[in-house]
Amino acid sequence: MIASLAMIRAWDNRLEKLVRKVFFAVLVAALGFAVPLFAGDAATKSTPTAIPAPSDNPTITYRKIFKSSYPEFVEIKLNQGGHGTFDIRQLDEEGNPQAFEVNASLAEKIFALAAKLHNFRGVDLDVHRRIANLGEKTLRYDKGSEMHEVKFNYTLDDSASQLMAIFEGLARQATDLSDLERTMRYDRLGVNDVLQQIEQDYNNKLFPEPERLLAALDQVAADDKFIDIARQRARTLASKIRSTH
């Protein structure tokens, strides 16, 4: 009986040691897995994602919203380097800004006119008279965290009128060029009609940079897939642009 009790106690001792070894092994494995996780988490928290600093390159935006007209929405953004985007469409269409650029002298003129208007800080351009709705225009200046904008329907301010004329001209120029490129691809017989519109807009001095049209005009003039009257019209218009710009 005493021998049997001794054997049971010895077995219990061995079982207890085995349980302790297993427990310790499990604990070490768990800690070994957890430490890298916590270390990685701490490293992630100690190095937060950097927020890009706002650009110091100033940008001027011109926007016009005129319901029931065509187009209803015009937005042109331009930075001081002459690079920007234009978005010209109807209000129910999805926005699709397109990249474009202007030459340095035109960009300089735009920013000089904005400077005369104190970059739109605290200015009031609207005439505040009962006149027809000509569309809501917005001029906006952005530089880093600095932002100023002014809205108006109609203005008599000369600098603002010049700015508006430039941006409206850029919008007309971009639309005409887009129409020409589209018809060149998909409607060759319609090219002459678009060229007539371009010629009219050019004669009315609407284009700030008519030389931007030269590549497309030269392509029409040299391609016998287009009708002769369109080729001749493109050739004549390109010659006019080159002789005066």
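All figures in this text were calculated on a predicted structure; none of them were measured in a lab.

> I keep staring at the sheet that holds strand β2 (residues 73-79) and nothing clicks. Help me out?
Sheet strands pair by backbone hydrogen bonding; their relative direction is either parallel or antiparallel. Pairing is antiparallel across the open sheet formed by six strands, whose spatial order is β4-β3-β2-β1-β5-β6. Single-partner strands in this sheet number two, and they are β4 (98-101) and β6 (146-152). Strand after strand, the sheet turns through a mean of 15 degrees between neighbouring axes, direction not considered. Lying on the sheet, helix α2 (residues 104-116) is in contact with β1 (59-65), β2 and β5 (136-143); it crosses β1 at an angle near 80 degrees. Across the face of the sheet, helix α3 (residues 158-186) comes into contact with β1, β2, β3 (83-89), β4, β5 and β6 while running at roughly 75 degrees to β1.

> Help me understand unusual backbone geometry in this model?
For residues besides glycine, phi is generally negative; the peptide bonds are generally trans as well. Pro71 follows Tyr70 through a cis peptide bond whose omega is -5 degrees. Following the sequence through the fold, Pro71 ends up in the loop between β1 and β2. Located in the positive-phi region is Asn119, a residue other than glycine, with phi close to 50 degrees. Counting through the fold element by element, Asn119 comes out in the loop between α2 and β5. Residues other than glycine seldom take positive phi values, yet Phe120 does so here, at roughly 70 degrees. Note on placement: Phe120 falls in the loop between α2 and β5. Taking relative accessible area as the criterion, Phe120 reaches 1% and is therefore assigned buried.

> How should I be thinking about the confidence of the model for the protein chain in this particular structure?
Parts of the model with low pLDDT should not have their predicted coordinates read in detail. Chain-level statistics for the protein chain give a pLDDT mean of 84 and a share of 78% at 70 or above. In the model, residues 1-54 has pLDDT below 50 throughout and makes two contacts with residues more than four positions away in sequence or in other chains.

> Mind showing me how you'd approach a nonpolar patch on the surface here?
A cluster of nonpolar side chains, Ile131, Leu134, Tyr154 and Leu156, forms an exposed patch at the surface whose accessible area comes to about 350 Å². Tracing the sequence through the fold places Tyr154 in the loop between β6 and α3.

> In this structure, what is going on with helix α6 (residues 228-244)? I would like to understand it.
Since one α-helical turn is 3.6 residues long, residues separated by three or four positions face the same way. Counted at 1.5 Å a residue, the expected span for α6 with its 17 residues is 24 Å, and the 25 Å between its end C-alpha atoms agrees. Packed against the buried residues of α6 are α4 (191-203) and α5 (214-222).

> I tried to follow the packing of aromatic side chains on my own but got confused; where do I start?
For any pair of aromatic rings, the description rests on two quantities: the centre-to-centre distance and the angle between the ring planes. This model, assessed by the stated rule, comprises two aromatic pairs. Pairing Tyr62 with Phe167 gives two aromatic rings, centres 5.4 Å apart and planes at 5 degrees, and the pair type is stacked. A residue pair is termed long-range when its members are at least 10 positions apart, and Tyr62 in strand β1 and Phe167 in helix α3 qualify at 105 residues. Residue classification places Tyr62 among the buried positions, given a relative accessible area of 0%. The ring of Phe73 is capped by Arg89, whose NZ or CZ atom sits 4.2 Å from the centre of that ring.

Parameters at a glance
- Residues numbered from 1 in each chain as written.
- Predicted model: local features only at pLDDT ≥ 70, side-chain atom pairs only at ≥ 80, totals over all residues.
- Heavy atoms only, no water.
- Pairing = 2+ DSSP bridges.
- Helix = DSSP H or I, 4+ residues; strand = E, 2+ residues; numbered from the N terminus.
- Axes fitted to C-alpha atoms, helices over the stretch in contact; angles between N-to-C directions.
- Contact = heavy atoms within 4.5 Å.
- Buried < 20%, exposed > 50% of the residue type's maximum accessible area, 1.4 Å probe, protein only.
- pLDDT = per-residue confidence, 0-100.
- Patch = residues over 30% accessible without salt bridge, like charges linked within 9 Å, V, L, I, M, F, W, Y side chains within 5 Å.
- Areas by Shrake-Rupley, 256 points an atom, 1.4 Å probe, with all protein chains shown as cover.
- Salt bridge = Lys/Arg side-chain N within 4 Å of Asp/Glu carboxyl O.
- Expected span 1.5 Å × (residues − 1).
- Phe/Tyr/Trp six-rings, centres within 6.5 Å; stacked < 30°, edge-to-face > 60°.
- Lys NZ or Arg CZ within 6 Å of the ring centre and 35° of its normal.

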